[in-house]
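A closer look at the structure
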Amino acid sequence: MKILVCISHVPDTTSKINFTDNDTKFDTNGVQFVINPNDEFGLTRAMWFKEKQGATVDIINVGGPETEPTLRKALAIGADSAIRINTEALDGFQVAKELSAVAKEGNYDLIIAGRESIDYNGGMVPGMLANLIGASFVNTCISLEVEGETATAIREIDGGKETVTAKLPLVIGGQKGLVEESDLRIPNMRGIMMARKKPLDVKEPQGADTETKAVSFEKPAPKGEVKLVSPDNLDELIDLLHNEAKVI
């Protein structure tokens, strides 16, 4: 089984977020980047298929040279080889289009992506990728087994879970539950050294058009001051909730 895992290069959630150029561009200065958490769950599941079923695992990213440390970390976790499409990721359709060209060429049985990245939270790429390559698609996937040419997946739905089967090739949008956080792997020294020797192929982009453009960004409003009300003064509390907070 050939597996392709999509890896997004995203800011660590502890990073301080700022914007430049009149709030039209994300400021990367001083920001630590990591593997997108939903992608890391998928990568860890791919490692299970590699170890239990002998699958080969490639990873792929759309981005510039600055994303290569993130790809090397994924290689250190255990992926066999990496592909970087040498262009900036601008919107979901463009990314899906660039990924689809490599996916078709590689003839992959299973493509694992995170259901969304934690930077822009678009949630579009896995579904569009599946459509572009004519593959089955399961989103919000929290469990995956493959037997022969058939995959059995459990997906999270509103108020419960749904079990579905699909024929390969298959694209999934994975999330927490595909594996648990305790299953995630920290690269050891041997893995880091081996990752340096694993192939990282840089492909030039297809030149896919973008369908959307970020016009501006805005930070959430700062939190207001806290007002303390004595538990004995219920009238004041009700007045504040009604007239200022407007929640009753």
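Once a new chain begins, its residue numbering starts again from 1 and follows that chain's sequence as written. It should be noted that, the model being predicted, local features are given only for residues of pLDDT at least 70 and side-chain atom pairs only at 80 or more, the latter also being counted only at that level, while totals for whole chains, interfaces and linings use all residues. Each side-chain value is worked out from all heavy atoms of the structure, with water and hydrogens disregarded.

1. A short note on the pairing of strand E10 (residues 150-157)
Any two strands between which DSSP finds at least two bridges are classified as paired. The helix and strand labels rest on DSSP assignments: H or I over at least four residues marks a helix, E over at least two residues marks a strand, and numbering proceeds from the N terminus. Pairing geometry for strand E9 (residues 136-147) and E10, over 6 bridges, is antiparallel. Directly across from Ser-143, in E10, lies its bridge partner Ile-154. Two successive antiparallel strands, E9 and E10, enclose a turn made up of 2 residues, where Gly-148 displays a positive phi of approximately 65 degrees. Pairing geometry for E10 and strand E11 (residues 160-167), over 8 bridges, is antiparallel. Of the residues in E11, the one forming a bridge with Thr-152 is Thr-165. Remark: 2 residues form the turn of the hairpin made by E10 and E11, two consecutive strands paired antiparallel; Gly-159 in that turn has positive phi of roughly 85 degrees.

2. Focus on the pattern of salt bridges
Salt bridge, as applied in this entry: a Lys or Arg side-chain nitrogen positioned within 4 Å of an Asp or Glu carboxyl oxygen. Under the criterion given, the structure shown has 11 salt bridges. Among the ionic pairs, Arg-84 bridges to Glu-68, the shortest N-O distance being 2.9 Å. Taken as a pair, Arg-84 in strand E7 (residues 81-85) and Glu-68 in helix H2 (residues 68-77) lie far apart in primary sequence, 16 residues in all. A simple rule labels every residue: compare its accessible area, found with a 1.4 Å probe on the protein chains alone, to the largest value its type can have, and call it buried under 20%, exposed over 50%, or partly exposed in between. Assessed through its relative accessible area of 4%, Arg-84 is described here as buried. Accessibility expressed as a relative area gives 22% for Glu-68, which makes it partly exposed. Glu-244 is the salt-bridge partner of Lys-227, the closest N and O atoms lying 2.9 Å from each other. Taken together, the positions of Lys-227 in the loop between strand E13 (200-203) and helix H6 (234-243) and Glu-244 in the segment after H6 put the pair 17 residues apart, joining distant regions of the chain.

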